[in-house]
Amino acid sequence: MTAETAHQSLNRLERDAETDIAQVDQMLEALKSQHHAAQVAEIARKLVGGVSHVLEYLQIVAQIHPIAGIVVAALKKVVSLEIQRHENKAQIAVVHATMVKTVFQVRFLARFQNKFEDDLDKELKTIFTSMGNTMSDFGHFVETYNTCWQRTYKLLFSDTHKKELDFFSKRFHQQREELDEISKTIMEVQLASVLENTEEILQKLRVNTVDPDVEKAEAFVRKNGGADVVRMNSNLVDQVAAMLHEKATASMKETLRLGFDDLLEKHSARYLKKLESVQDGVIASVKVAELAIIERLNDGPHELIEDSEIRAIWERNRWKSSVKCRIFVEGLHEHYQREFLKQRSLLPHKDAWTLAFFSRVMYHSAIGDVVDDDGSGYISASEVNDFISEHRSVAQWTKPEWFAFWACGWYNNNAWYYGRIKHIIEEAEESIVGIQAGESEGSGDLLRVILSSLKPLVLVADVEDFSGTLKAPHQLRRLQEKYRAYEEKKIEDNLIHFEDHLNDRASLNAAVGDSRVELHMMPLLYILMKRLQKTVGNITKTKFISGSDLIKIEELATSCIAVFVAFGDRMQDLVRGWRFQGKDINKQVDRYADGLFRKCYGETYVYQQAYDALCKCIFGSNPTIPRHLRPFQASMHRRRASSGYLAREVAGLLERVKALEAQLAAVQPCEPTSRSPSVASDKASTHHGAHPHIGKMLDGFHSLLGPFDHK
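Just so we're clear, the structure is a prediction, and the values are computed from it rather than from any experiment.

Asker: Can you walk me through the overall build of the protein in this structure?
Answerer: If you tally the helices and strands in the protein, you get 33 helices and 2 strands. Here the protein holds 711 residues, and the buried ones make up 52% of them. A separation threshold of at least 6 residues defines the contact pool for the protein, and within that pool the share at least 24 residues apart is 76%. Accessible surface computed for the protein: about 33,700 Å², of which carbon and sulfur atoms make up 52%.

Asker: What should I look at first to understand the pattern of salt bridges in this one?
Answerer: Opposite charge on two side chains permits pairing when their charged atoms draw close. Applying the stated criterion across every chain yields a total of 29 salt bridges. Across the pair R598 and D462 runs a salt bridge, and its minimum N-O distance is 3.1 Å. One end of the pair, R598, is in helix α29 (residues 598-602); the other, D462, is in the loop between α23 (443-458) and α24 (474-495), and 136 residues separate them in sequence. We note a salt bridge from D493 to K489, for which the minimum N-O separation is 2.9 Å. Taken as a pair, D493 and K489 lie in helix α24 at a separation of 4 residues, close to a single helical turn. Via salt bridges that share partners, D373, R516, E518 and R570 belong to a single interconnected network.

Asker: It is not clear to me how the side chain of K399 should be interpreted in this structure. Could you clarify?
Answerer: As for its placement among the helices and strands, K399 is situated in helix α22 (residues 399-431). Within the structure, the side chain of K399 is placed 3.1 Å from the side chain of D307, a separation counted as a polar contact. Other than its neighbours up to four places away in sequence, K399 contacts D307, E309, Y336 and I388.

Asker: Help me understand the packing of aromatic side chains, please; the structure alone is not making it clear to me.
Answerer: How two aromatic rings sit relative to each other is set out by the distance from centre to centre and by the angle between their planes. Under the criterion given, the structure shown has 39 aromatic pairs. Centroid distance Y483 to Y486: 5.7 Å. Interplanar angle 45°. Geometry classified as tilted. One end of the pair is Y483 and the other is Y486, both in helix α24 and 3 residues apart, which spans about a single turn. A relative accessible area of 3% means that Y483 is categorised as buried.

Asker: Sorry, what's going on with the nonpolar core here?
Answerer: General note: in soluble globular proteins, nonpolar side chains tend to be found buried as a group. With 118 residues, the main nonpolar core has F328, F403 and I561 as its most contacted residues. F403 has contacts with I310, F328, L332, Y336, F358, I367, V371 and F387, leaving out every residue within four places of it along the chain. Within the second largest apolar cluster, 84 residues are counted, among which are V61, L81, M99 and L263.

Asker: What's the story with helix α18 (residues 325-341) in this structure? I'm lost.
Answerer: Residues separated by three or four positions in an α-helix point in the same direction, a consequence of the helix having 3.6 residues per turn. In a regular helix each residue adds 1.5 Å, so 17 residues correspond to 24 Å; α18 covers 25 Å between its end C-alpha atoms and thus fits that length. Of the residues making up α18, those classed as buried are C325, F328, V329, G331, L332, H333, H335, Y336 and F340.

Asker: Would you mind going over helix α10 (residues 212-223) with me for this structure?
Answerer: Between the first and last C-alpha of α10 there are 17 Å, a value that for 12 residues agrees with the 16 Å anticipated at 1.5 Å per step. Within the sequence span of α10, burial applies to A217, F220 and V221. When α10 is viewed along its axis, its buried side chains cluster within an angular range of 100° and face the same direction. Away from its buried face by more than 90 degrees, α10 exposes P212, K216, R222 and K223. On the buried face of α10, the contacting elements are α7 (151-156), α11 (227-231) and α12 (234-243). G225 lies just past α10 and shows a positive phi near 100°.

Asker: Help me understand the packing of helix α17 (residues 308-316) against α18, please; the structure alone is not making it clear to me.
Answerer: Between two packed helices, the angle of one axis relative to the other and the distance separating the axes together describe the packing. Interaxial distance between α17 and α18 falls to 10 Å at its minimum, and their mutual angle equals 110°. Taken together, α17 and α18 sit at an angle that is classed as roughly perpendicular. The residues of α18 that touch α17, namely those facing E309, I310, I313, W314 and R316, are F328, G331, L332, H335, Y336 and R338. Residue composition of the contact of α17 with α18, by class: 6 nonpolar, 2 polar and 3 charged.

Asker: How do you make sense of the confidence of the model for the protein when you look at a structure like this?
Answerer: As a general rule, the predicted coordinates of low-pLDDT regions are not to be interpreted in detail. The predicted model of the protein has a mean per-residue pLDDT of 80, with 79% of residues at 70 or higher. Here residues 189-195 is a poorly scored stretch, pLDDT under 50, and it has 18 contacts once near neighbours within four places are set aside; other chains count. In this model, residues 293-297 is a region of pLDDT below 50 whose contacts with residues beyond four sequence positions or in other chains number 4 contacts.

Asker: How should unusual backbone geometry be read in this particular structure?
Answerer: Glycine aside, residues mostly have negative phi angles, and peptide bonds mostly take the trans form. Despite not being glycine, D500 shows a phi value in the positive range, around 65°. Among the secondary structure elements, D500 is positioned in the loop between α24 and α25 (505-512). Look at D500 and you get buried, because its relative accessible area is 4%. One non-glycine residue, D594, adopts positive backbone phi at about 55°. You can see D594 is positioned in the loop between α28 (585-591) and α29. Of the residues examined, D594 reaches a relative accessible area of 33% and is grouped as partly exposed.

Asker: Would you explain the packing of α24 against helix α26 (residues 521-542) in this entry?
Answerer: Packing of α24 against α26 leaves a shortest axis separation of 10 Å and a crossing angle of 60°. Judged by the angle between their axes, α24 and α26 are oblique. You can see that α24 and α26 cross each other, and the crossing is right-handed. Side by side, α24 and α26 meet where E487, E488, I491, E492 and L495 of the first sit next to P523, L524, Y526, I527, K530 and R531 of the second. Split into classes, the residues belonging to the contact of α24 with α26 amount to 6 nonpolar, no polar and 5 charged.

Asker: Honestly, the environment of A356 in this entry has me stumped. Any pointers?
Answerer: Along the chain, A356 falls in helix α19 (residues 355-359). On the accessibility criterion, A356 (37% relative accessible area) is partly exposed. In this structure the C-alpha to C-alpha distance between A356 and A404, which are 48 residues apart in sequence, comes to 8.7 Å.

Asker: Explain the environment of V221 here, please?
Answerer: Residue placement: V221 occurs in helix α10. According to the relative accessible area criterion, V221 is buried, its value standing at 6%. C-alpha separation for the pair V221 and R231, spaced 10 residues apart in sequence, amounts to 9.5 Å. For V221, the contacting residues outside a window of four places in its chain are L155, L156, G226, A227, V230 and V240.

Asker: Could you clarify how one ought to interpret the environment of K77 in this entry?
Answerer: Relative to the assigned elements, K77 resides in helix α4 (residues 69-84). Residue class for K77 comes out partly exposed when judged on its relative accessible area of 29%.

Parameters and conventions
By convention here, each chain's residues receive numbers from 1 onward along its written sequence. Totals for whole chains, interfaces and linings use all residues, but because this is a predicted model, local features are given only for residues with pLDDT of at least 70 and pairs of side-chain atoms are given and counted only at 80 or more. Side-chain measures were taken over the full set of non-hydrogen atoms in the model, leaving aside hydrogen atoms and water. By the criteria applied, helices consist of DSSP H or I runs no shorter than four residues and strands consist of E runs no shorter than two, each listed in order from the N terminus. Only protein chains enter the accessibility calculation, which uses a 1.4 Å probe; a residue is then buried when its area is under 20% of its type maximum, exposed when over 50%, and partly exposed in between. Every residue pair with non-hydrogen atoms within 4.5 Å of one another is taken to be in contact. Note on areas: these come from Shrake-Rupley sampling with a 1.4 Å probe, and a residue is covered only by the protein chains present in the view. Any carboxyl oxygen of Asp or Glu that lies within 4 Å of a side-chain nitrogen of Lys or Arg is treated as forming a salt bridge with it. Here a polar contact is taken to be a pair of N or O atoms separated by no more than 3.5 Å, where protein atoms must pair a possible hydrogen donor with a possible acceptor and residues adjacent in sequence count only if both atoms sit in side chains. Side-chain rings of Phe, Tyr and Trp (the six-membered ring for Trp) are treated as a pair once their centres are within 6.5 Å; stacked means planes under 30 degrees apart, edge-to-face means over 60, and tilted covers the remaining angles. Residue types Ala, Val, Leu, Ile, Met, Phe, Trp, Tyr and Cys, when buried and joined through side-chain atoms within 4.5 Å, form a set referred to as a nonpolar core. Here the expected span of a helix is defined as 1.5 Å times the quantity of residues minus one. This arc is taken over the directions from the axis of the helix to the C-beta atoms. Axis definition: a line fitted to C-alpha atoms, limited for helices to the stretch in contact. Angles are taken between N-to-C directions and run from 0 to 180 degrees. Roughly parallel means an angle under 35 degrees; roughly antiparallel means over 145; roughly perpendicular covers 65 to 115; every other angle is labelled oblique. Charged residues are taken to be Asp, Glu, Lys and Arg, nonpolar residues to be Ala, Val, Leu, Ile, Met, Phe, Trp, Tyr, Cys and Pro, and polar residues to be all remaining types, Gly included. Along the chain, pLDDT gives the predictor's confidence residue by residue, from 0 to 100. It is the rotation of the near helix from the far one that decides the hand of a crossing: anticlockwise by less than a right angle makes it left-handed, clockwise makes it right-handed.

This is how it looks when you write it as structure tokens:
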């Protein structure tokens, strides 16, 4: 983008950014008098997500003055991580808003178009580097704060949390004043004053959001010597957790004994890995991107494709900015068939075997689904770019190999993983029968409930093994083995930063290196189950459940919950899109990704029961589970969905029986015999022609379907 274009965009965005900041100030003021928890949470969400124009504006400022790139890049990453959270805490959101307003003050650079003198340039770098470090430290604190989400943590670390938030608030205000001084030096202009009310708002929030259970627990903590004393006493922690309707697990007690400073250090690696995985495009300037797209569209939509081979296919077929999945795969087939025939040799092209997957319609859906991120049935240029990008594709594989693998090999790998996951979890269940001894009372019973509840969640994907009936070519089997090795190594390397404890969507995305969890969940679950198998093996060998073993299993189970919830969220996103398009949801679920979501959609009550039991074991009877560990739908809605599924199954069976009756009538019509009761004969002849037994069967199905007729 030229400097002139950047300045034009800057002028357009500045007013929008100022409007964002004004609305942020209004929301901060509203928090001071707000008492309702739901409304406080809603304001917090808007505070975090309502600064898109500010980010767009700062992005262009950084393009004009690259020196600002240090602080703008740091802000974008921290904001992106916070936006990814399903829920935002009000106290965090207040300081987060202060951070954004502080960085917004670099706007004074936009009024200065010349290059800075060396001394001033050095001073700006120093301040911007300091701001970037403060934002990174703040993000690290927020990550640790949210990882320990239970109210027991929040209460026993409350003093530390308060001190940290006050520190960051003051630090951001100080940096804002430093920017103010520099702006006066450069432009001789005083920056507009920023309302210095962060501490007042934080204090009001602490007073306005008091919970009776928390007050009772706080009094108990004060009576027993304070938080530092209680944290180190296992029995006292149990009592505090009970007052807050939570469960003090072995993992919680160990974490509390560490102290918050040690906890920050422990979570440092996972936070840095999350930052590394943040995609700048999530919050990049929409308007800048639009301008770039318009410039490239002047030469045709194919110019949006990054890969030269796919770009040529797109151009030759004269596709627009998106194309139907079926047409896209047919275009691939025509292209590769033509290319392979060009080889003038006695031997076929080395990728000729892949044509079978492009030519057969049964594989078109699988190829289309993996490229089509939103399940719309259309493939866009950006979706193609994502599919063949470095973070998703395997180096040294040709494009035909890559497409052929996803046509069939990915599903085959899923079946391979499914069978092994099932074997591991069943073997683990059997091996702990009778084991009771442990560091804490009831460890054996707790472990058995965890494993039995975990089983449905790790087997939620609907996968069937067709290896015995459909033989894959040896080239595809080789790709399957290579991809399993590649993906397992990638996930295991990433898990080093998380110690097998994946407790939110950001950590999941970082672990698998992608935002589409369904594409990678089977190898991830397989790795988690292998580590569970190792821990259970230690237990069966010693016939004793140690505290460290129990912590390991609790963390692995929490990771599996996070995977299950992310899988359900992905299904809901797809269902929402299909509903907007007016598509038949049941058919789409049955078809998409070879029916991967079918069980999750149709038998939700099974998984709801397992999820509830597992959460009770790990978190307690009435925990305040955060959204990233909570399934999307409420229990009642999920059970209604299951009833609807049953109705559809019965209706389908009814149709099949009717078809059978019609076939029998056509082949060998018969008359009611004298041995048939007259009532039955009349009923059969009235409803079902000459087949009294089928007539009775249909009457039974009608009565069974009766309760669901209104659906």
